[in-house]
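Structural description and commentary
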Amino acid sequence: MLNTILSSFLIAKMLPTDYVGFTFFVGCMAMMAASAFFFLSLNQFDKKWRTSVLVSGLITFIAAVHYFYMRDYWTSFQESPTFFRYVDWILTVPLMCLEFYLILKVAGAKQGLLWKMIFYSVIMLVTGYLGEAVYPQSAQTWGFISGVAYFAIAYEIWLGSASKLAKDAGGNVLAAHKILCWFVLVGWAIYPLGYMLGTDGWYTSILGKGNVDVAYNIADAINKIGFGLVIYTLAVKSQKD
Ligand SMILES: *C/C=C(C)/C=C/C=C(C)/C=C/C1=C(C)CCCC1(C)C
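Notes on the structure follow. Every value quoted in this text rests on a predicted model; they were computed, and no experiment measured them. (Residues numbered from 1 in each chain as written. Predicted model: local features only at pLDDT ≥ 70, side-chain atom pairs only at ≥ 80, totals over all residues. Heavy atoms only, no water.)

1. Here we look at the site of the ligand
In the vicinity of the ligand lie 17 residues, with Trp89, Met124, Ser146, Tyr191 and Lys224 positioned nearest. Protein chains bury 99% of the 530 Å² of accessible surface belonging to the ligand in isolation. Sorting the residues of the shell around the ligand by element identifies helix 4 (82–104), helix 5 (111–134), helix 6 (139–158), helix 9 (190–198) and helix 11 (212–240) as the ones contributing at least two each. Of the residues assigned to the shell around the ligand, the class counts are 11 nonpolar, four polar and two charged. (Near = heavy atom within 4 Å. Areas by Shrake-Rupley, 256 points an atom, 1.4 Å probe, with all protein chains shown as cover. Helix = DSSP H or I, 4+ residues; strand = E, 2+ residues; numbered from the N terminus. Nonpolar A, V, L, I, M, F, W, Y, C, P; charged D, E, K, R; others polar.)

2. What to know about the state of the cysteines
Scanning the entire structure with this criterion turns up zero disulfides. Counting only cysteine sulfurs, Cys181 is the nearest neighbor of Cys97, a cysteine outside any disulfide, at a range of 12 Å. What makes Cys181 buried here is its relative accessible area of 1%. (Disulfide = S-S within 2.5 Å. Buried < 20%, exposed > 50% of the residue type's maximum accessible area, 1.4 Å probe, protein only.)

3. Comments concerning the packing of aromatic side chains
Taken as a whole and judged by the stated rule, the model has 21 aromatic pairs. Between Tyr86 and Tyr129 the ring centres are 5.3 Å apart and the planes differ by 70°, which places this aromatic pair in the edge-to-face class. A residue pair is termed long-range when its members are at least 10 positions apart, and Tyr86 in helix 4 and Tyr129 in helix 5 qualify at 43 residues. The exposure class of Tyr86 is buried, given its relative accessible area of 7%. Among the residues examined, Tyr129 registers a relative accessible area of 25% and is labelled partly exposed. Directly above the ring of Phe25 sits Arg71, whose terminal nitrogen or CZ lies 4.9 Å from the centroid. (Phe/Tyr/Trp six-rings, centres within 6.5 Å; stacked < 30°, edge-to-face > 60°. Lys NZ or Arg CZ within 6 Å of the ring centre and 35° of its normal.)

4. Some points on a nonpolar patch on the surface
Side chains of Tyr19, Phe22, Phe25, Val26, Met29 and Met32 sit close together on the surface and give an oily, nonpolar patch of about 600 Å² of accessible area. By the secondary structure assignment, Met29 is in helix 2 (residues 19–41). (Patch = residues over 30% accessible without salt bridge, like charges linked within 9 Å, V, L, I, M, F, W, Y side chains within 5 Å. Salt bridge = Lys/Arg side-chain N within 4 Å of Asp/Glu carboxyl O.)

5. What to know about the packing of helix 3 (residues 47–77) against helix 4
At a closest axis distance of 10 Å, the pairing of helix 3 and helix 4 adopts a crossing angle of 170°. As far as their axial angle goes, helix 4 and helix 3 are roughly antiparallel. (Axes fitted to C-alpha atoms, helices over the stretch in contact; angles between N-to-C directions. Parallel < 35°, antiparallel > 145°, perpendicular 65-115°, else oblique.)

6. Side note on the packing of helix 9 against helix 11
Two elements in contact, helix 9 and helix 11, have axes separated by 8 Å at closest approach and are oriented at 170°. Relative to helix 11, helix 9 is oriented roughly antiparallel. Here Ile190, Tyr191, Gly194, Tyr195 and Gly198 of helix 9 lie close against helix 11, whose contacting residues are Val212, Ala215, Tyr216, Ala219, Asp220, Ile222, Asn223 and Lys224. In terms of residue class, the contact of helix 9 with helix 11 is built from eight nonpolar, three polar and two charged. (Contact = heavy atoms within 4.5 Å.)

7. Comments concerning helix 9
Buried within helix 9 are the following residues: Tyr191, Gly194, Tyr195 and Leu197. An end-on view of helix 9 places all buried positions within 160° of arc, on one side of the element. In the core, the buried residues of helix 9 are packed alongside helix 4, helix 5, helix 6, helix 8 (171–187), helix 10 (204–207) and helix 11. (Arc of directions from axis to C-beta.)

Here is the structure:
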């Protein structure tokens, strides 16, 4: 009796073999711990760096809330919480673009750069959502358009105006910018890979099928927490000089 009440009101049963559910749980805790870490460190920074570290905390905090919902959704239905996933990304990816802009402001970054990157990321995510959730039969076409927008972001920070600004800034900012560039090129590349494991396209015969959520959860942990730590380290280093 008690068991029935508990399972219908409080928690869905989690099978010991549910490794996908496990990654959702770990995701919740990791995002929450990272947020606490970034928020509690704010006092040690002066105004110039506080906003950047605050944004790092907001990124992991927004993700933590979505992970609570996604974990519940997964344990209840054993289905990908694609809707929550994309709501999370549409909020957090623009904030990551904001991080690039904030650290490059010392070299005179213009707001145009910020809006350009946000524009690319919205195209990337909206077309990705269309391919994954709305028109899965044409997933490869939408995925391709999304990939072009992803490429535009990577181009902008590696070779475009953002990279020139980073060179002008030099020192700690340049070093941090380089690491963030690698996150976008390698860490973000896990997402299209997850997408290809979960949808049908020319790639299915090569890659086969796999669990999208495991790929996305691992990618989120690396990218959101790792990205935040790079900003945090930059703030700590720059504070000393
Ligand atoms: C914190 C969340 C982050 C950094 C999410 C990033 C998401 C991507 C880079 C997604 C990219 C995609 C493609 C490049 C093609 C296929 C569709 C997507 C949306 C999975």
